[in-house]
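Chain and residue survey
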Amino acid sequence: MAVPDVLRNRDFTLYWAGVVLSQTGTRGTVAANLYQVYALTGSVLQTGLVGGGQAVALLVLSPLGGAYADRLDRRRLLQSAQLVSLLVALALAVLTLTGQAQAWHVILSVLLTTAAATFDQPARQAIIPAMVPKRQLAQAIALLNPSREVAVLLGPALAGVLIAVGGPGLMYLVDVVTYAVLIGLLAVLRVPPLVQAGPPRSVFGSIAEGARYVAHRSLITRLMALDLSATVFGAYRVVLPALALDVLHVGPTGYGLLSSAPSAGALLATYTTFRVVGRSKRLGRVVLVSTVLYGFAAMLLAQARFFLLALVAALLLGALDAMATTIRHAAVQVDTSDEIRGRVTAFYQMSSRGGPAIGDMAIGALAAVVGPVVALTLGALGPVLVAGAFLTRPNVVREYAEASVPESGTGPAAPREPPAGEVTDGRPVK
């Protein structure tokens, strides 16, 4: 089998390997965090506070992280963020292995790690064009996306095994090692410095510019709303410990498998997703139908009383999410100018990553009152109703047409948005 051209690039190959390894540790730690809080408290409500910690950091710091990703050396910014996360994971590992960890320690560690990630994620995506030729950019992005799913698949499964062997502390130690490896790999990368298009603006001026850009791109804002409907109302992750331990009675190993199943589903759907994105001329309808079916899959997971059926539902969640997410993210990428990409990425991650965090809190609180089964069943109606409403009348999401690869290699074509200064709906776009 021929090696993809992009993997002949030394710097990208090192970066790709480090990101996959680091993401495996991170995803395993998230699964261990949820399990540990539930094991310590027996409360789905308090387990939902793990998502609360993520939501606070994402919503408060994401715009700042995006602004710095467009201003600072992105490699150094990544190293600094990874170092902060390493120290947090090490502290939590020590507390857990010595038997001193309490639920608030775990929640605080989540808040601090997510705070570091708000600076990490925009820089992580924005640095890729500096490592590969423009003609290989689409290939690089296509390789990173399924590789991330490998990490999301392996991380929770690894967490389940390590928890069964020696508790969550072992998972946190593995996470420390993965952070250290990525920091070392970043040190040997040859990445050209970021070239500013003009005189630097103030940080808050840069954030405001990014916010205006997003606000006047109706495709981006509506895709963010669609994303939130699925991730907030269909937040299944927070109830997985309760479903695994109290409903399905499969223990920590079963919990690890259930946590990994959505990523397995996403990987299994990779070929189909690429074919649909490359050939369909009705991508808007595809993303909306996928979102509706995602809601039904979440209901099936909630109602499952057999472990095999729950695994099937989780696989479907991953496959449907992969289809919808690929289309949404590609549309946002093509609708974004290069010089503002870090800030737009940061604002978009407020929905793509902040949504699940808010959903953990909301569904966790509801589950504390009505139980995990009823909570997830009711919540899953959200994406069904929202995406269904988009399907019933013409709008920019439903009419999003076909995938094409433009010369810039940024992704599929999106409906045209008015350029800066053009009048739309009687108002100038700034």
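In this text the structure is predicted, and so the values were computed from the model without any measurement.

Before going further, it helps to examine the overall build of the chain. Tallying secondary structure elements over the chain gives 17 helices and 2 strands in all. The buried share among the 430 residues of the chain stands at 55%. Of the contacts formed within the chain by residues at least 6 apart in sequence, a portion of 84% connects residues at least 24 apart. As presented, the chain carries roughly 18,000 Å² of accessible surface, and 67% of it is formed by carbon and sulfur atoms.

With that settled, the discussion passes to the nonpolar core. In terms of nonpolar packing, the biggest core is built from 82 residues, with Val239, Leu258, Leu301 and Val397 touching the most fellow members. It is helix α13 (residues 307–334) that contributes the most residues to this core, 11 residues altogether. Apart from residues no more than four positions distant in its own chain, Leu258 is found in contact with Leu240, Leu248, Leu301, Phe307, Ala310, Leu311 and Ala314. The next biggest cluster of nonpolar side chains, apart from the first, holds 11 residues, and it includes Val19, Leu78, Ile128 and Leu189.

As a further point, take the pattern of salt bridges. Throughout the structure, instances matching the rule amount to 2 salt bridges. Across the pair Asp227 and Arg328 runs a salt bridge, and its minimum N-O distance is 3.4 Å. A residue pair is termed long-range when its members are at least 10 positions apart, and Asp227 in helix α8 (residues 218–233) and Arg328 in helix α13 qualify at 101 residues. Assigned by exposure class, Asp227 and Arg328 land together as buried. The shortest N-O distance in the salt bridge between Asp360 and Arg237 comes to 2.2 Å. Remark: Arg237 occurs in the loop between α8 and α9 (240–247) and Asp360 occurs in helix α15 (residues 354–370); sequence separation between them is 123 residues. The class of Asp360 is buried, set by a relative accessible area of 1%.

For the structure shown, the criterion picks out 1 cavity of 30 Å³ or more. Put simply, the largest cavity is a space of about 40 Å³. Ala230, Thr291, Tyr294, Leu320, Asp321, Ala324 and Arg328 are the residues that line the largest cavity. Counting only elements with at least two residues in the lining of the largest cavity, the list comes to α12 (283–303) and α13. With 4 residues, the single largest contributor to the lining of the largest cavity is α13.

Looking now at the packing of α15 against helix α16 (residues 372–379). In a packed pair of helices, the relevant descriptors are the angle between the two axes and the axis-to-axis distance. Where α15 meets α16, the axes come as close as 7 Å, and the angle between the chain directions of the two elements is 130°. On the basis of the axis angle, α15 is oblique to α16. Crossing of α15 against α16: the hand is right-handed. Counted together, Ile363, Leu366, Ala367 and Val370 of α15 and Pro372, Val374, Ala375 and Gly379 of α16 form the full contact between these two elements. Along the lines of polarity and charge, the residues of the contact of α15 with α16 split into 7 nonpolar, 1 polar and no charged.

Once that is clear, we can look at the packing of aromatic side chains. What describes a pair of aromatic rings is the distance from one ring centre to the other and the angle between the planes of the rings. Under the definition given, this model contains 1 aromatic pair. Look at Tyr35 and Tyr255: their rings are 5.7 Å apart centre to centre, the planes differ by 35°, and that puts the pair in the tilted class. Taken together, the residues Tyr35 in helix α1 (residues 10–41) and Tyr255 in helix α10 (residues 251–268) connect sequence positions 220 residues apart. No difference in accessibility class separates Tyr35 from Tyr255, as the two residues are buried.

The next subject is unusual backbone geometry. Positive phi outside glycine occurs at His249, with the angle close to 55°. Here His249 is to be found in the loop between α9 and α10. Residue His249 is classed as exposed on the basis of its relative accessible area, which comes to 58%.

Mean pLDDT for the chain: 79, with 78% of residues reaching 70 or above. A low-confidence stretch, residues 402–430 stays under pLDDT 50, and its non-local contacts, those more than four residues away or across chains, total 59 contacts.

A word on the environment of Gly379. Here Gly379 is to be found in helix α16. Since its relative accessible area comes to 6%, Gly379 is described here as buried. Residues Gly379 and Ser229, spaced 150 residues apart in sequence, show a C-alpha to C-alpha distance of 9.5 Å. Look past the residues within four positions of Gly379 in its chain and what remains in contact with it is Phe233, Gly234 and Ile363.

This part is about helix α17 (residues 381–392). With 12 residues, α17 should cover 16 Å at 1.5 Å per step; its first-to-last C-alpha distance of 16 Å lies within 8% of that length. For α17, the full list of buried residues reads Gly382, Pro383, Val384, Ala387 and Phe390. Looking at the buried side of α17, the elements it contacts are α8, α12 and α16.

End to end, α15 covers 24 Å across 17 residues, agreeing with the expected 24 Å (1.5 Å per residue, within 8%). Residues of α15 that are buried: Gly354, Gly355, Ala357, Gly359, Asp360, Ile363, Gly364 and Ala367. Trailing α15 by a residue or two, Gly371 shows a phi angle of about 95°, which is positive.

Thresholds applied
- Residues numbered from 1 in each chain as written.
- Predicted model: local features only at pLDDT ≥ 70, side-chain atom pairs only at ≥ 80, totals over all residues.
- Heavy atoms only, no water.
- Helix = DSSP H or I, 4+ residues; strand = E, 2+ residues; numbered from the N terminus.
- Buried < 20%, exposed > 50% of the residue type's maximum accessible area, 1.4 Å probe, protein only.
- Contact = heavy atoms within 4.5 Å.
- Areas by Shrake-Rupley, 256 points an atom, 1.4 Å probe, with all protein chains shown as cover.
- Core = buried A, V, L, I, M, F, W, Y, C linked by side-chain atoms within 4.5 Å.
- Salt bridge = Lys/Arg side-chain N within 4 Å of Asp/Glu carboxyl O.
- 1 Å grid on protein atoms, 1.4 Å probe; cavity = no way out; pocket = protein on both sides within 12 Å on 5 of 7 lines; lining within 4 Å.
- Points joined across faces, edges and corners; volume = space filled by probe spheres on them.
- Axes fitted to C-alpha atoms, helices over the stretch in contact; angles between N-to-C directions.
- Parallel < 35°, antiparallel > 145°, perpendicular 65-115°, else oblique.
- Left-handed = near helix turned anticlockwise from the far one by under 90°.
- Nonpolar A, V, L, I, M, F, W, Y, C, P; charged D, E, K, R; others polar.
- Phe/Tyr/Trp six-rings, centres within 6.5 Å; stacked < 30°, edge-to-face > 60°.
- pLDDT = per-residue confidence, 0-100.
- Expected span 1.5 Å × (residues − 1).

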